[in-house]
Every structure is written in structure tokens, then in C-alpha cells.
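Here is how the chains run, residue by residue.
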Amino acid sequence: MRVLVTGGAGYIGSHTLLELMAQGHVVCVLDNYANATPTVLNRVRALSNGQITDFVGDVRDAKKLDEVMAAFAPEAVIHFAGLKAVGESAQKPLYYYDVNITGTLTLLHAMERAGCKRIIFSSSATVYGEPQYLPYDEAHPTNPMSVYGRTKLMAEQILTDWVAAHADRTAVLLRYFNPVGAHPSADLGEDPRDIPNNLMPFIAQVAIGKRDVLEVFGDDYDTPDGTGLRDYIHVVDLARAHVAALGYAAVHNGARPFNIGTGQNYSVRDMVAAFEIASGRNIPTKQSPRRAGDVAAMQADASRANAELGWHATHGLDDMAASTWAWQSKNRNGYDTD
Ligand code: NAD
Ligand code: UD1
């Protein structure tokens, strides 16, 4: 298929480009480099030996989108472009609504004008909010606890209403759990611009010596070791879920959410231990209070994605830690290493 990938230079988008190209899809990227660098696409080109048409532009720019649609004529869009920092979303709510909601609406209008009828959307497990039961299945009530989470749920609702109004449209809503890890080449990975918000990149920066100590946020949760439990998913498995979702979208209409996780969860201490083994380095930790907005535990019931997308996670915790370390140690300063 001809696939437009918005935000394709980002962490998940770049890994997905490689998986799409490996399966014979033809790709085009639209990215404004708000949180990425053009180096990424050069690395993807080198790894794939393939063609990537790319446009520099904002997903809120209708004229630019018309230009992309006219030049590339996509049969489907994978929509990664967006903002994702929970803390920042509370400080800059209008910015988050603008990029994540206006961006999605502007894209849908452009797809309508161009006759493009399929979209795969980057949603998040954060749409569920405080668990009423675990593992979360897709029928779990949604009650996001942050502006960021609300933008994801609202975008899901917009996509669902769009699809409901037309018999031949498809929206696949992928609710990612906690993406971690890096490409086996160690040439692609997560490259946070500021202090990492998320656990795995923070641990990696402690291991490489860029930060002194990992703060463990809370040790009094109702979990086996008192620290938070999460369902970490390797980014290559996540990338492959998008290829599976495209196959699904080729033969199904309607809007459907899918949990994308492994169905297992690990504590903060499990992650530190795995990283110490992978890196052979000690990770100093310091106990800190709970972080506002954190839940004790999250875990996916991914059986719908397993059954209907034919997708399964195959990478375990060791691989998540080892690939993150390989990426971090080969690229001490991320993509600025080039
Ligand atoms: P990322 O920041 O690495 O990638 C997003 C990409 O979109 C970047 O390349 C950025 O430059 C681009 N972008 C941002 N605003 C844009 C705009 N207005 N126009 C065009 N391009 C724009 O993030 P990621 O981790 O790869 O996440 C991709 C998507 O998945 C996001 O929508 C995010 O909310 C969602 N998601 C991420 C996680 C996670 O933990 N990484 C979890 C759940 C959902
Ligand atoms: C966070 C976001 C969530 C988003 C997800 C993936 C919040 C409140 N939630 O989720 O909306 O979908 O990232 O991008 O920000 N931890 C530490 N020390 C650290 C960092 C994290 O102990 O320096 C702990 C956390 O308390 C948590 C676990 O590690 O128990 C994972 O944290 P993180 O990687 O930030 O992911 P989430 O909290 O699941």
C-alpha cells in the first residue's frame, strides 16, 4: 500500500517505516521536526536501502497536506504526529489540543478531499485512567487523567464519528502501552531532547553517565515490591503492530480500538535490574515520593490484537534492556552524535 506516515521521523514512526518498507509498502513522511531531526530519515534510508519521500510541514497546515496528498496519493495514513509529554500538557493545554486535535481534524479533512479512507491512529493506554480491573481490555471505561490523555480520547472519538458517517472508512485505534527499546542495528532509538520523562530513557542516561541517579517515584504502591508496574512493549513489536493494522484496514471498515502490549508487567526495580545486567553497570537509585498522576499498575489484555490483527509481541524484557543499552552506548548524544 502507499502509506503516508505523519510524524515518521519520531521514535515509533522511524521504527515503523523500516517494518513497512520490509513488507513492501511504499512510504511518505510528513514531519515538522518539532521533536525529531532529519538525520533519522537518513538512517532509515541507510538501513532499508529504500526510498522515502519526505515533506517538511505541520499536520495543521491544510495547504501542505493537500500538496502531500496530490504528490503521493496515499491509500492509508498512519498518524503519529503529535505531542506526548503529560506534564507539559498541563502547562500548555491549548498547544496540546491544537496539535493533537486540530492536527487530526486538519488531516481528516485533507484525507476526505483526496479520497483517502484508512487511518491508523497512535492512541495510548492512558485513555483508560485509574484501573477498575486489570488487565485492561478495550471495554474498560475510559477516563484519562491528563490533558494529553484527553486529547488522545477526543481524537479517538472524532475518528470514530468520521468512520460512522461513511460505510467505507476505517480507523484503527492503537492503544500503546509503554514503548521501550531500540532497533537491533542500534542506529534508531529514543532520543529525548530534555530531561527524560519516561523510565527507560532515564535509566539509560544514568547508565551512560549523563545523569547521576534514578529517582524511583514511590515505593508504597500495592504491588509486590512497592514500585509501579507497567506493560513495557518493544518498539519493534509496536512497529509491527502498525503493519498488521494496515493489513486489517485493507479488508475491514469501521473504527476499532486495540491494546498493544505484551500482557505482562514489570516494576521499576525489575527494569533497573534488567538494565544493570544488559549494561554491566550499576544504576544508582534514590527513593522519591510518588509522581502526581501515576497509577500503581497497568497491564494490557492484548487478546483482541492477537486474534484480529494476527499480531503478537515477541521481544522480552532482556531484549528491551539490551537494545536500549546498545543504542545509548553507540549514540551517547542520541542523533546529535552524527
Ligand atoms: P515522537 O515525539 O518521537 O514522534 C512524534 C513525531 O511527530 C516527531 O517526529 C515530531 O517532530 C512530529 N510532530 C510533532 N508535532 C507535529 C506537527 N504539528 N506536525 C508534524 N509533525 C509533528 O513521539 P513517539 O514516541 O514516536 O510517539 C508517536 C505517537 O505515539 C504520538 O502521537 C504519541 O502521543 C503516541 N504515543 C506515544 C507513546 C510513547 O510512550 N512514546 C505512548 C502512547 C502513545
Ligand atoms: C507515562 C505517562 C503516560 C504515557 C506514558 C508513555 C505520566 C503520568 N504518564 O506513563 O500518559 O502514555 O508515559 O509515554 O507521565 N518512574 C520512576 N522514575 C522516573 C521515571 C518513571 O520511578 O524517573 C516510574 C513511574 O513512576 C512509573 C514507571 O516508572 O511507575 C514508568 O514510568 P513512565 O516511563 O514515565 O511511564 P508511565 O508512567 O506509564
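Reading the values: the criteria
Residues numbered from 1 in each chain as written. Chains lettered and ligands numbered in written order. Predicted model: local features only at pLDDT ≥ 70, side-chain atom pairs only at ≥ 80, totals over all residues. Heavy atoms only, no water. Helix = DSSP H or I, 4+ residues; strand = E, 2+ residues; numbered from the N terminus. Rg over C-alpha atoms; globule rule 2.2 N^0.38 Å. Buried < 20%, exposed > 50% of the residue type's maximum accessible area, 1.4 Å probe, protein only. Contact = heavy atoms within 4.5 Å. Areas by Shrake-Rupley, 256 points an atom, 1.4 Å probe, with all protein chains shown as cover. Lys, Arg positive; Asp, Glu negative; His and termini not counted. Charge placed at Lys NZ, Arg CZ, Asp CG, Glu CD. Salt bridge = Lys/Arg side-chain N within 4 Å of Asp/Glu carboxyl O. Core = buried A, V, L, I, M, F, W, Y, C linked by side-chain atoms within 4.5 Å. Axes fitted to C-alpha atoms, helices over the stretch in contact; angles between N-to-C directions. Parallel < 35°, antiparallel > 145°, perpendicular 65-115°, else oblique. Left-handed = near helix turned anticlockwise from the far one by under 90°. Nonpolar A, V, L, I, M, F, W, Y, C, P; charged D, E, K, R; others polar.

Engineer: Please provide a residue-by-residue account of the overall build of the protein, values included.
Structural biologist: Regarding its fold elements, the protein presents 11 helices and 13 strands. For the protein, whose C-alpha radius of gyration is 19 Å, the value lies close to the compact-globule estimate of 20 Å for 338 residues. A principal-axis box enclosing the C-alpha atoms of the protein has dimensions of 55 × 45 × 40 Å. The buried share of the protein, reckoned over its 338 residues, is 54%. Pairs at least 24 apart in sequence give 79% of the contacts found in the protein among residues at least 6 apart. Of the roughly 14,000 Å² that the protein leaves accessible, carbon and sulfur atoms contribute 48%. The centroid of the 29 positive side-chain charges in the protein is displaced by 5 Å from the centroid of its 38 negative side-chain charges.

Engineer: Lay out the pattern of salt bridges in plain terms, naming residues and giving numbers.
Structural biologist: In total, this model carries 17 salt bridges according to the counting rule given. Here Asp66 ties to Arg113 by a salt bridge, and the two come within 3.0 Å at their closest N and O atoms. Of this pair, Asp66 sits in helix 3 (residues 62–72) while Arg113 sits in helix 5 (residues 93–114); the two residues are 47 residues apart in sequence, bridging distant segments of the chain. With its nearest N and O atoms 3.9 Å apart, the salt bridge here joins Glu138 to Arg304. Taken together, the residues Glu138 in the loop between strand 5 (118–124) and helix 6 (147–164) and Arg304 in helix 10 (residues 303–309) connect sequence positions 166 residues apart. Salt bridges sharing common partners tie together Glu112, Lys117, Asp168 and Arg169.

Engineer: Tell me about the nonpolar core, residues and numbers included.
Structural biologist: Leu174, Ile260 and Leu309 are the most contacted members of the largest nonpolar core, which has 44 residues in total. When residues of this core are assigned to their parent elements, the largest contribution, 10 residues, is made by helix 8 (residues 235–251). Among all residues touching Leu309, those that are not within four sequence positions of it are Leu174, Ala244, Ala245, Tyr248, Phe258, Ile260 and Arg304. In terms of nonpolar packing, the next biggest core, distinct from the first, is built from 25 residues, Val59, Leu65, Ala81 and Leu107 among them.

Engineer: Can you lay out the packing of helix 7 (residues 199–207) against helix 9 (residues 268–279) for me, pointing to particular residues and giving the numbers?
Structural biologist: In the contact formed by helix 7 and helix 9, the axes pass within 11 Å of each other and the chain directions differ by 40°. By the angle between their directions, the pair helix 7 and helix 9 is classed as oblique. Crossing handedness for the pair helix 7 and helix 9: right-handed. Residues Leu199, Met200, Ile203, Ala204 and Ala207 of helix 7 form the contact with helix 9, whose participating residues are Val268, Met271, Val272, Phe275 and Ser279. Partitioning the contact of helix 7 with helix 9 into residue classes produces nine nonpolar, one polar and no charged.

Everything listed here is a matter of geometry and, on its own, says nothing about what the molecule does.
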